[in-house]
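# Notes for the structure review
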Amino acid sequence: MRIVEVRERTAPIASPIANAFIDFSKMTLSLVAVVTDVIRDGKPVIGYGFNSNGRYGQGGLIRERFAPRILEAKPDDLIDSTGENIDPHKVWATMFTNEKPGGHGERSVAIGTIDMAVWDAVAKIAGKPLFRLLSERYGTVANPKVFVYAAGGYYYPGKGLEGLATEMKSYLDRGYNVVKMKIGGAPLTDDLKRIEHVLKLLPSGCQLAVDANGRFDLSTAVDYAKALREYDLFWYEEAGDPLDYELQEKLAEHYPKPMATGENLFSMQDARNLIRYGGMRKDRDWLQFDCALSYGLVEYLRTLEMLKNYGWSWTRCIPHGGHQMSLNIAAGLGLGGNESYPDLFQPYGGFPDGVKVENGHIVMPELPGIGFEGKSDLIKEMRSLAS
Ligand SMILES: O=C([O-])CC(=O)C(=O)O
Ligand SMILES: [Mg+2]
């Protein structure tokens, strides 16, 4: 068996929203199809992948470096010991040929996108949902019930407090019990009004998380911490620059409640620096590393191993990105849950058709691969790339 083609298309996911650092008016992503010569139900197995929002499409890197390396490799160098399936670790090593360590840049996004498509193909060839394949391979107990929270609450031109309240209420109406909103794009006093407006409408048992998208210096992060610690927030996310581990560590002195970060750490080594030097507390803080931005599941497995070695439970991981790949990892390997964008970045985010959120959880359907075939608007886009 062999990989016969790797296709990429850069697609828009633009919207007028803004967080504290960027707007999404020109946002794109890469959609990838990995075409194999394995036939299932009379058709070649094709794996699909895409990168998470926030880092733009990676067509240049994929076309110039990573797809050619896969296609130039000897087919036997990419398959596993059964001879009947692709070995994602070997594909990863092939993509990483002649790449220096460190300075990860955005090649981690390009590789992560192809890696997603490879795992989709591997699970389809095995004829099972990816989360079942992962639990079998890595000795974990699969749990198809996954915690999900609703992310949104962006700064929208013209959207006042009422617009924010309507949005948050609509997430609660759809079964979520944790909702997330942006902070740091307005002065502290305005953000506190926005937060209090949302807190007022949350029924008991529901919680709010806030996300500053790396906007603050230490003193602003501390000012926010002093105000935010008066509330009962689900978490205070990405207060300062994602690579400023000292800021994160010092902030903990002022914020005894849960914090979250990690979506902009793109390698096991960066994640390890956060664990070593960021003062993150394994009894309450949350880790948001997103495989689709950070070299894929092959690297995420290394990150999970690192966490285990530092005594962190995988249940402290709730990845960024809101894609079905991380849902499978959560269900298969026992993460704490996954992000979800009920109304944003469609058709890429979300769940297979018919999957409902109940009391903040979804149940994974038993679809082969990652499950993209179960989401009709998404698979239509994907098939249009492959055909
Ligand atoms: O606004 C963004 O870049 C997305 C983000 O931080 C999140 O989903 O946590
Ligand atoms: Mg975030």
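Heads up: these notes are all about the structure in this document. Predicted model only: the values in this text are computed from it and were never measured. Residue indices follow the written sequence of each chain, beginning from 1 at its first position. All chains are assigned letters beginning at A, and all ligands numbers beginning at 1, according to the order in which they are written. Reporting in this predicted model follows two pLDDT cut-offs: at least 70 for local features of residues, and 80 or more for side-chain atom pairs to be given and counted; totals over whole chains, interfaces and linings ignore these cut-offs and use all residues. As a rule here, side-chain values cover all heavy atoms of the structure and leave hydrogens and water aside.

## A few points about the overall build of the protein
Of regular secondary structure, the protein possesses 12 helices and 11 strands. Taken over the C-alpha atoms alone, the protein extends approximately 60 × 40 × 40 Å along its principal axes. Residue exposure (1.4 Å probe, protein chains only): buried if accessible area is under 20% of the type maximum, exposed if over 50%, otherwise partly exposed. Expressed as a percentage of its 387 residues, the buried residues of the protein come to 60%. Residues are treated as being in contact if the distance between any of their heavy atoms lies within 4.5 Å. In the protein, of all internal contacts separated by at least 6 residues, the share reaching a separation of at least 24 is 73%. For the accessible areas, the method is Shrake-Rupley and the probe is 1.4 Å, while residue cover comes only from the protein chains on display. As displayed, the protein has an accessible area near 15,100 Å², and 51% of this comes from carbon and sulfur atoms. What counts as a helix is a DSSP run of H or I of at least four residues, what counts as a strand is a run of E of at least two, and both are numbered from the N terminus.

## Describing the packing of aromatic side chains
Stacked, edge-to-face and tilted labels apply to pairs of Phe, Tyr and Trp rings (six-membered ring for Trp) whose centres lie within 6.5 Å, assigned for plane angles under 30 degrees, over 60, and everything in between, in that order. By the definition in use, this model includes 16 aromatic pairs. Measuring from ring centre to ring centre gives 5.3 Å for Phe 234 and Trp 235, while their planes differ by 40 degrees; the resulting arrangement is tilted. Each member of the pair, Phe 234 as well as Trp 235, carries the same accessibility label: buried. An aromatic cluster is defined as three or more aromatic residues linked by ring pairs; in this entry it consists of Phe 147, Tyr 149, Phe 234, Trp 235 and Trp 286. Look at NZ for Lys and CZ for Arg. If either is within 6 Å of the ring centre and within 35 degrees of the ring normal, a charge sits over the ring. The ring of Phe 21 has Arg 215 lying over it, and the distance from NZ or CZ to the ring centre is 4.2 Å. Geometry around Trp 286 places Arg 316 over its ring, the cationic atom sitting 3.9 Å from the centre.

## Some words on the nonpolar core
Within this scheme, the nonpolar core is defined by two criteria: the residues are buried Ala, Val, Leu, Ile, Met, Phe, Trp, Tyr or Cys, and they are joined through side-chain atoms within 4.5 Å. Core analysis: the largest hydrophobic core is formed by 138 residues, its most contacted members being Ile 183, Leu 228, Tyr 236 and Leu 307. Here this core gets 11 residues from one element, more than from any other, and that element is helix α3 (residues 107–126). Sequence-distant contacts of Leu 228, defined by excluding residues within four places in its chain, comprise Ile 183, Leu 192, Ile 195, Val 210, Leu 233, Tyr 236 and Tyr 255.

## Concerning the environment of Val 38
If you trace the backbone, Val 38 turns up in strand β2 (residues 28–40). Spatially, the C-alpha atoms of Val 38 and Lys 124 are 9.9 Å apart, while their sequence positions differ by 86 residues. Excluding anything up to four places from it in sequence, Val 38 contacts Met 1, Lys 43, Pro 44, Val 45 and Ile 125.

## Digging into helix α10 (residues 296–309)
Expected span of a helix, by definition, is 1.5 Å for each gap between consecutive residues, and there is one gap fewer than residues. Taking 1.5 Å of rise per residue, the 14 residues of α10 would be expected to cover 20 Å, and the 20 Å separating its terminal C-alpha atoms lies within 8% of that figure. The buried fraction of α10 amounts to 10 of the 14 residues, a majority that puts the element mostly inside the structure. Every buried residue of α10 is accounted for by Gly 296, Leu 297, Val 298, Glu 299, Tyr 300, Leu 301, Thr 303, Leu 304, Met 306 and Leu 307. Packing partners of the buried residues in α10 comprise α2 (88–95), α3, α4 (130–138), α9 (268–277), β9 (286–287) and α11 (324–333). Just downstream of α10, Gly 311 is the residue with a positive phi angle, here 80 degrees.

## Things to note about the coordination of the magnesium ion (ligand 2)
The rule for donors is simple: N, O or S, within 2.8 Å of the metal, or within 3.2 Å if the metal is Na, K or Ca. Water isn't counted, so a site may look like it is missing partners. Each protein donor to the magnesium ion (ligand 2) is listed here as Asp 211 (OD), Glu 237 (OE) and Glu 263 (OE); together their distances run 2.0 to 2.2 Å. Expressed as a motif, the donor residue spacing for the magnesium ion (ligand 2) is D-x25-E-x25-E. One end of the pair, Asp 211, is in strand β6 (residues 207–211); the other, Glu 237, is in strand β7 (residues 236–237), and 26 residues separate them in sequence. With relative accessibility at 1%, the residue Asp 211 sits in the buried group. Classification of Glu 237 as buried rests on a relative accessible area of 0%.

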